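Each chain, letter by letter, is given below.
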Amino acid sequence: MIYTYVGGAKAIAHTQKLQFLIILGTMAFAGYLLIQNMPDGIGFNDALYLAGKSGKLNVITTEFDWKDKYNIWSGLIGGFFLALSYFGTDQSQVGRYITAKDNTNAKMGLLLNGLVKIPMQFAILMIGALLFAFFSLKPAPIYFNERSYQHLKETKPEQAAVFEKEHQELQIQFNAESKEILKLKENNSPQLIKAIQDFKKTQTEVKALHGRVEEAINNSSYNAEKTDTNYIFLYFVKIPCLQG
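Residues numbered from 1 in each chain as written. Predicted model: local features only at pLDDT ≥ 70, side-chain atom pairs only at ≥ 80, totals over all residues. Heavy atoms only, no water.

So, about the pattern of salt bridges. Applying the stated criterion across every chain yields a total of five salt bridges. Between Glu180 and Lys183 there is a salt bridge whose closest N-O contact spans 3.9 Å. On the criterion of helical spacing, the pair formed by Glu180 and Lys183 is a turn pair, its members being three residues apart in helix α7 (residues 157-184). Taking relative accessible area as the criterion, Glu180 reaches 31% and is therefore assigned partly exposed. When the shortest N-O distance is used, the salt bridge between Asp198 and Lys194 registers 2.9 Å. Here the residue Asp198 and the residue Lys194 both occupy positions in helix α8 (residues 190-218), the gap between them amounting to four residues, near one helical turn. Residue classification places Lys194 among the partly exposed residues on the basis of a relative accessible area of 46%. (Salt bridge = Lys/Arg side-chain N within 4 Å of Asp/Glu carboxyl O. Helix = DSSP H or I, 4+ residues; strand = E, 2+ residues; numbered from the N terminus. Buried < 20%, exposed > 50% of the residue type's maximum accessible area, 1.4 Å probe, protein only.)

A separate point is α7. Taking 1.5 Å of rise per residue, 28 residues should cover 40 Å, and α7 covers 40 Å from first to last C-alpha, within 8% of that figure. Ala160, Phe163, His167, Leu170, Gln171, Phe174, Asn175, Glu177, Ser178, Ile181, Leu182 and Leu184 are the residues of α7 that are buried. (Expected span 1.5 Å × (residues − 1).)

What follows concerns the nonpolar core. In terms of nonpolar packing, the biggest core is built from 19 residues, with Met38, Leu50, Leu137, Ile181 and Phe199 touching the most fellow members. Looking at this core, the elements with two or more residues in it are α2 (44-53), α5 (103-137), α7 and α8. By residue number, the principal contributor to this core is α5, which donates five residues. (Core = buried A, V, L, I, M, F, W, Y, C linked by side-chain atoms within 4.5 Å.)

Interpretation note: all reported values are geometric properties and have no functional meaning in isolation.
Laid out in structure tokens, this is it:
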């Protein structure tokens, strides 16, 4: 509060610049770590090829489906209200244009902020695609929220054992199929088409197993954060802050 009061809008703007640089730096570092830790002989292009064959690089989906959260229609409709709230009421954005010298600078600041978010969002999604490729080539955890899954193991050990056995078999199969696709990628042969079909089938089975594990955790008596999607901020940042 003292820092903001003494420094004013300039102090806030300077802090946001530093935060932006930290975000870009950590994103670049995360991407570097993913590529460096890929299996020997597999690089950036291979990872993108594998992600593309799994459908993770489909930028625009035009089909309208109520069950699909990631198509152009949900993006336009949801994005409209998201942008309206963010650029109209968010304190970081409002603070920018009410402290601008004039209307021209205020409009320019909002416009540049919106434009910068486009390549930044592409970079974030790129890291997600690389992360998928990484866990296609190396064994992935059965459930990324280890605390939630540990509770399931303690309360329902037999069910967890069944999940783990199926997960291990699927991971071995999935990793092998991923490497087979990369081995055959230079040849547009029937073997490659068959390998991609098997890869997608196993991918569906892995996703279905994850859904069953999540359902079992949700049906348990665990009261903390159950999901393993976006739980890191909720558990490791938000909860300690509330407790403090």
